[in-house]
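Chain residues, written in single-letter form:
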Amino acid sequence: MLRRNLASLVMGVAFTIAGGLQSRAQAEELTIFWAEWDPANYLQELANLYTAETGVTVTVQTTPWPDFQTKAFAEFNAKGDAFDMVVGDSQWLGAGSTGGHYVDLTNFFAEHKVGDLMAPATVKYYAEYPGNSGKYWAIPLEGDAAGWAYRKDWFEDPKEKEAFKAKYGYDLDVPKTYTQLRDIAEFFYRPDKKQYGIAIYTDNGYDAMLMGIEGAIFSYGGDLGDYATYKVDGILNSPQNVAAVDMYRQLYQFAPPNWGKVFFQEDNQAITENLAAMSLNFFAFFPALANKATNPNADVTGYFANPAGPDGKPQHAALGGQGISIVSYSKKQDASFKFLEWFIKDETQKKWAELGGYTCNKSVLESDAFRKATPFNEAFYQTMFMVKDFWAVPEYAELLTQINNHVYPYVISGEGGSAKDVLDAVSKEWVDTFKKYGRGG
Amino acid sequence: MAVVTSSRKKAFNRVAIVSILLITLIFLSPLYWIGTTAFKPRSLATTVPPTVLFQPEITPFIKLLTKRVQLTKAYDPAIYAASPWYEQRIYDGGERILRVGPNIQLSQYPNRFMNSLIIAIISTIIAVSMGTITAYGFSRFKMAGEADLLFFVLSTRMLPPIVVAIPMYLMYRVVGLNDTHIGLIILYTAFNLSFSVWLMKGFMDEIPKEYEEAALVDGYTRLQAFFKIVLPEAVTGIAATAVFCFITAWNEYAFALMMTNRRAQTAPPFIPSQIGSGLTDWTVIASGTFLFLLPVAIFTFALRKHLLRGVTFGAIRK
Amino acid sequence: MAGVLDTSPAARAVTRGWSDLTIRNVFIIPTILFLIIFNIFPLIYSLGYSFTDFRASVNEPANFVGLQNFRELLTDERIWNNFWVTAKYVIVSVGGQMTVGFGLALLLNRAMPAKGLITTLLLLPMMMSAAVVGLFWRLLYDPSWGPLNYALGLGDLAWLSNADVALYAVAITDIWMWAPFVMLLSLAGLSAVPQHLYEAAAIDRASAWYTFSRITLPLVTPLLLIALIFRTMEAFKTFDIAYIMSTQPTTELISIKLYKFAFQEWQTGKSCALAYIVLIMVLAITNIYVKYLNKVKER
């Protein structure tokens, strides 16, 4: 009896020590997974403050953008605990929630009123899945959307202004509509002088090109389908969308040469290397343009929000950005929750914005200090209230491949018939895909 | 007649030498360009016409080794003045180095470079050793279904790595080899083994059996004969095989990306990731490439005598 | 197993130390086992999945769907296009490597100053990571900020954005990277051709072409074939370079398609099925090669 008690005592002590060591080791370090870009470095800086306050080390682990999705899901699918939190794309919400990879944050949202703290669009697209379900899986972390940079000096040149007015009958200024965007692009397109009209996204490896096309589609008043009923036919291939895709193809005609695999670096470079008059990009990449050391034209670079459709309304923009989720396989979920509690505090959000992060916090966004902090924050602020996003269903990557398969050859090489033919073909494939996964009626 | 031929031959020889020199220059020009870009100021990296003459600087390497972010507002001149010179170079480029408390934060590059070294060297040693003895076994002893076995060995190199990636990933998870040095070492050994066996078998076949037989007659055991007679004869082949295995393991990208998260990450996936921040900084990518090419180039140059003599498979005819 | 060893004098050695049988087994079996574990196991694993609709990204059990994946793949025009692109790429790229590599070797195969240095310098491209090579060549090809078009006076030629040129642009990069490999093998073969054969040909006043086609080529062929086998296998598997350089449908090689199925769309079952189709093709091609190689060797 005594012996058994002794044995259990020893075992108990051993477990306590082991457990103590383990839990201490666990509490000391958290890992957040994100892509390799500046905001991730800003987040690391912010997290360093958390370390200073609490002693908990937070490491932001990064991987190049093209591999980000692959790597994150490889880890999820293996139920790995390498990452405690992940700053994932909005499209991942479907797979993350239905696949059981993300921890349900609905209670956390209610408890801390996160829905009231953050800008409505960011809550809707970065956090909620399925749409309007009231279930939340992420905290909006980095707000982002597509906007435009342009060459103020080219636009303001009196000679150019005169020539433009003579040709198009209205004043050369920041474009209000896609029609004007096209006119200006055409106007500045002078290949013999190695000067081109417009730089747009064309990389079809993931969602880059679609971001540009979405911007046009949404502003033309179109949609990618009904996200609640999964109805696609008649919406994706609507006359507005046909016009928008056709517009994107026209814009490509005024892009610099070899513009067929282009994402954010090249579009920024179009401005720094005096290649294009206007350039599409995510706001998160504009700091490089506002920086004199990296952009010799920083002083003459202006920014504007995505223009409206041809009738001057509606005006929308494609959403980028990410929310932060807790990985359900993490063994440090409590510590992760604590970090998120700290992260959503107003002071933290203010600090986050100061460091260069794009806060989604409503009050910080609306503050004068934020809107004047950089030349593009005002355009960002306006944009964040008119963003729309892609499908967030678990099979979103298949939808992406299918639309890329048809729209990319059309935009780049004019293949596949008319814009209508192309969108009809995509629509058919999307309908089949949804049927395959048993969505909708 | 013979005189004509030989003078014509000489002329041909000269033409050949001149053309090979020219071709070598053309072949190496992209490398020259990468190498110089590693020392260029950022603003000169993408000029047209290309910049050939410039003041070389070491800033790209400082950038490569530190964790930096874009400056979103002008830096404080007082802080600038108090910073060490290398940090000032970063400020000049419109960026700042991250700090944890007072300490400068290094990029992942140094750490990943070390991992690459450890993993590539050890896996090369294992792949070459196993390849050598297996090749010896195949070369000297008869075995039922030998040809099929050899074809099987070769076939393991035919699989697109993506075919095995998912099962491998899950298998590694189960046995806990994920994100470990050992995991990658084993994986790269498996990659290189078939190549190593095939190459070494070519060499083993060429080493005359009579050498060993003489040794056996002299009272050596088979093992002693292998180590003391055969191995020294095979050094050339071993060196050549090692170079190829090292190159493969050193540069492997896809699995390094998939199988590692923190501890065992290697450098190849890191170098292209430097395109991440707003604008492509080609000087940093070039400096990362330049440093990364050094070990493998040094290794190859050190073994070049063997390599040139060595990659002969079954071609040395007596 | 008495007939393990074919050389009789060594039979005496069997009594000392390890027997030949033991040595053979100890030398060969671990390697074979190792390769089985790392190749056969994953293969069986994926074979199982190839008959299911399994998606690794979703927490749902796999359903058996029979041959549906194979049927879908083999009737998909796009997949056939991927194979067609791959075939074109393999032919252009490997053909180019063989031509350039062998040509370089012919030029180098003579007494000349700094021969070793030049040969080693020529090997530098293949020592680099394919991902980085692809990245830099993208920059080289760029008409707006790359040096290539400027140096060659090609103006605005959009190498990688032009659907018709892109595949060749990628192949040129691959040739640049791997022609040195072929060169090295050919050089080894050439230097092993006995000099007296050339002398004999010279005495017979054989034409240069005759000497080349009747003496040089036959003796170098086995080595060229080995280079061909390895380069074809590698070209068939090409992923990094093409993926990084271009996303044109005309450069979508089969392994890029495989990657998309497996790691972007997470259609695990379907990707396993496609992997099997690819594997069978490569096996068939290599088998033909190896048979031919053995025939050449026997001559």
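Bear in mind the structure is a predicted one, so any value in this text is a computation, not a measurement. (Residues numbered from 1 in each chain as written. Chains lettered and ligands numbered in written order. Predicted model: local features only at pLDDT ≥ 70, side-chain atom pairs only at ≥ 80, totals over all residues.)

### Things to note about the overall build of chain A
Point 1. Within chain A, the regular secondary structure consists of 21 helices and eleven strands.
Point 2. Its C-alpha atoms put chain A at 100 × 50 × 35 Å along the principal axes.
Point 3. Taking all 441 residues of chain A together, 56% fall into the buried category.
Point 4. Long-range pairs, those at least 24 residues apart, make up 73% of the contacts in chain A with a sequence separation of at least 6. (Helix = DSSP H or I, 4+ residues; strand = E, 2+ residues; numbered from the N terminus. Buried ≥ 20, exposed ≤ 12 C-beta atoms within 10 Å, placed from the backbone. Contact = placed C-beta atoms within 7 Å.)

### Here's the deal with the overall build of chain C
Point 1. Counting its regular elements, chain C contains twelve helices and zero strands.
Point 2. Listing the helices and strands of chain C from first to last along the sequence gives α-α-α-α-α-α-α-α-α-α-α-α.
Point 3. Radius of gyration (C-alpha) of chain C: 24 Å, far over the 19 Å computed for a compact globule of 299 residues.
Point 4. By its C-alpha atoms, chain C is 70 × 70 × 30 Å across when sized along the principal axes.
Point 5. Residues counted as buried form 48% of the 299 residues belonging to chain C. (Rg over C-alpha atoms; globule rule 2.2 N^0.38 Å.)

### Examining the sheet that holds strand β6 (residues 196–199) of chain A
Residues and elements named next belong to chain A.
Point 1. The strand order across the open sheet formed by four strands is β6-β7-β5-β8, and the pairing between neighbours is mixed. Two strands in the sheet have a free side with no partner beyond their single neighbour: β6 and β8 (301–305). Averaged over neighbouring strand pairs, the angle between their axes works out to 20° when direction is ignored.
Point 2. Pairing of β6 with strand β7 (residues 276–282), which is carried by three bridges, proceeds in the parallel orientation. Pairing of Y196 across the sheet is with A276, part of β7. (Pairing = 2+ DSSP bridges. Axes fitted to C-alpha atoms, helices over the stretch in contact; angles between N-to-C directions.)

### Thoughts on the environment of C:L121
Point 1. With respect to the secondary-structure elements, C:L121 resides in helix α4 (residues 115–122).
Point 2. C-alpha separation for the pair C:L121 and C:P180, spaced 59 residues apart in sequence, amounts to 9.5 Å.
Point 3. Dropping the residues within four chain positions of it, C:L121 is found in contact with B:T24 and B:L28.

### Points about the domain arrangement of chain C
Residue and element names in this part refer to chain C.
Point 1. Under the domain assignment used here, chain C contains domain 1 (2–50) and domain 2 (76–298).
Point 2. Across the contact, four residues belong to domain 1 and six residues belong to domain 2.
Point 3. Here the side of domain 1 that touches domain 2 is composed, by residue class, of two nonpolar, two polar and no charged. (Domains from an automatic or database assignment. Nonpolar A, V, L, I, M, F, W, Y, C, P; charged D, E, K, R; others polar.)

### Focus on the interface of chain A and chain B
Point 1. On the chain B side, the residues contacting the 34 residues of chain A number 28 residues.
Point 2. Contributions of two or more residues to the side of chain A that touches chain B are made by α2 (38–54), β2 (57–63), α3 (65–77), α13 (264–272) and α14 (287–290) of chain A.
Point 3. For the side of chain A that touches chain B, the leading source of residues is α2(A), giving six residues.
Point 4. Residues belonging to the side of chain A that touches chain B are distributed by class as follows: twelve nonpolar, 14 polar and eight charged.

### A few points about helix α10 (residues 222–251) of chain B
Point 1. If you check α10(B), its first and last C-alpha atoms are just 38 Å apart, much less than what 30 residues at 1.5 Å a residue would give, namely 44 Å.
Point 2. At B:V235, α10(B) shows its maximal bend, which comes to roughly 55°. (Expected span 1.5 Å × (residues − 1). Bend = angle between axes of the 7 residues up to and from the residue.)

### Let's talk about the domain arrangement of chain A
All names here are of chain A.
Point 1. Each assigned domain of chain A is listed with its residue range as follows: domain 1 (29–144 + 320–388) and domain 2 (146–317 + 395–436).
Point 2. Taking only C-alpha atoms, the centre of domain 1 and the centre of domain 2 are 27 Å apart.
Point 3. Between domain 1 and domain 2, the contact holds 22 residues from the first and 22 residues from the second.
Point 4. Residues of the side of domain 1 that touches domain 2, tallied by class, amount to nine nonpolar, nine polar and four charged.

### Details of the packing of helix α3 (residues 77–108) of chain C against helix α9 (residues 208–237) of chain C
Residue and element names in this part refer to chain C.
Point 1. At their nearest, the axes of α3 and α9 sit 9 Å apart, and the two run at 145° to each other. Like other packed secondary-structure pairs, α3 and α9 cross with a definite hand, here right-handed. Only L224, L228, R231, T232, A235 and F236 of α9 make contact with α3, whose side of the interface consists of T86, Y89, V90, S93, V94, Q97, M98 and F102.
Point 2. Along the lines of polarity and charge, the residues of the contact of α3 with α9 split into nine nonpolar, four polar and one charged. (Left-handed = near helix turned anticlockwise from the far one by under 90°.)

### Quick look at the sheet that holds strand β4 (residues 139–142) of chain A
Sheet strands associate in pairs through backbone hydrogen bonding, adopting either a parallel or an antiparallel arrangement.
All names here are of chain A.
Point 1. Ordered in space as β2-β1-β3-β10-β4, the five strands form an open sheet in which the pairing is mixed. Two strands close off the open sheet at either side, each with one partner strand: β2 and β4. Each strand axis lies, on average, 30° off the axis of its neighbour in the sheet, ignoring direction.
Point 2. Examined bridge by bridge, strand β1 (residues 29–35) and strand β3 (residues 85–89) share two bridges and lie parallel to one another. Counterpart to I32 in the pairing with β3 is M85.
Point 3. Taken strand by strand, α2 contacts β1, β2 and β4, and its axis lies near 170° from that of β2.

### Brief notes about the packing of helix α11 (residues 254–264) of chain C against helix α12 (residues 268–298) of chain C
Residues and elements named next belong to chain C.
Point 1. Following both chains from N to C, one finds α11 and α12 inclined at 160°, their axes separated by 8 Å at the closest point. The angle between α11 and α12 places the two elements in the roughly antiparallel class. Relative to α12, α11 is oriented so that their crossing is left-handed. Touching I254, L258, F261 and A262 of α11 are T268, K270, S271, L274, A275 and V278, all from α12.
Point 2. Of the residues that constitute the contact of α11 with α12, the class distribution is seven nonpolar, two polar and one charged. (Parallel < 35°, antiparallel > 145°, perpendicular 65-115°, else oblique.)

### Some details on the interface of chain C and chain B
By convention, interface size is frequently given as the accessible area that disappears when the constituent parts associate.
Point 1. At the junction of the two partners, chain C supplies 82 residues and chain B supplies 78 residues.
Point 2. In terms of residue count, helix α1 (residues 20–50) of chain C provides more of the side of chain C that touches chain B than any other element does, 16 residues in total.
Point 3. Within the side of chain C that touches chain B, the residues separate by chemical class into 60 nonpolar, 14 polar and eight charged.

### Concerning the environment of C:R214
Residue and element names in this part refer to chain C.
Point 1. By the element assignment, R214 lies in helix α9.
Point 2. The class for R214 is partly exposed, based on 14 C-beta atoms found within 10 Å.
Point 3. Separated by 13 residues in the primary sequence, R214 and A201 have C-alpha atoms spaced 9.8 Å apart.

### Considerations on the nonpolar core
Point 1. Counting 322 residues, the largest nonpolar core has A:I32, A:I198 and B:F246 as its most contacted members.
Point 2. Among the elements that take part in this core, helix α7 (residues 166–191) of chain C stands out by supplying 17 residues, more than any other.
Point 3. Discounting residues that sit within four places of it in the chain, A:I32 has contacts with A:L43, A:V58, A:V60, A:Q61, A:F83, A:D84, A:M85 and A:V87. (Core = buried A, V, L, I, M, F, W, Y, C linked by C-beta atoms within 7 Å.)

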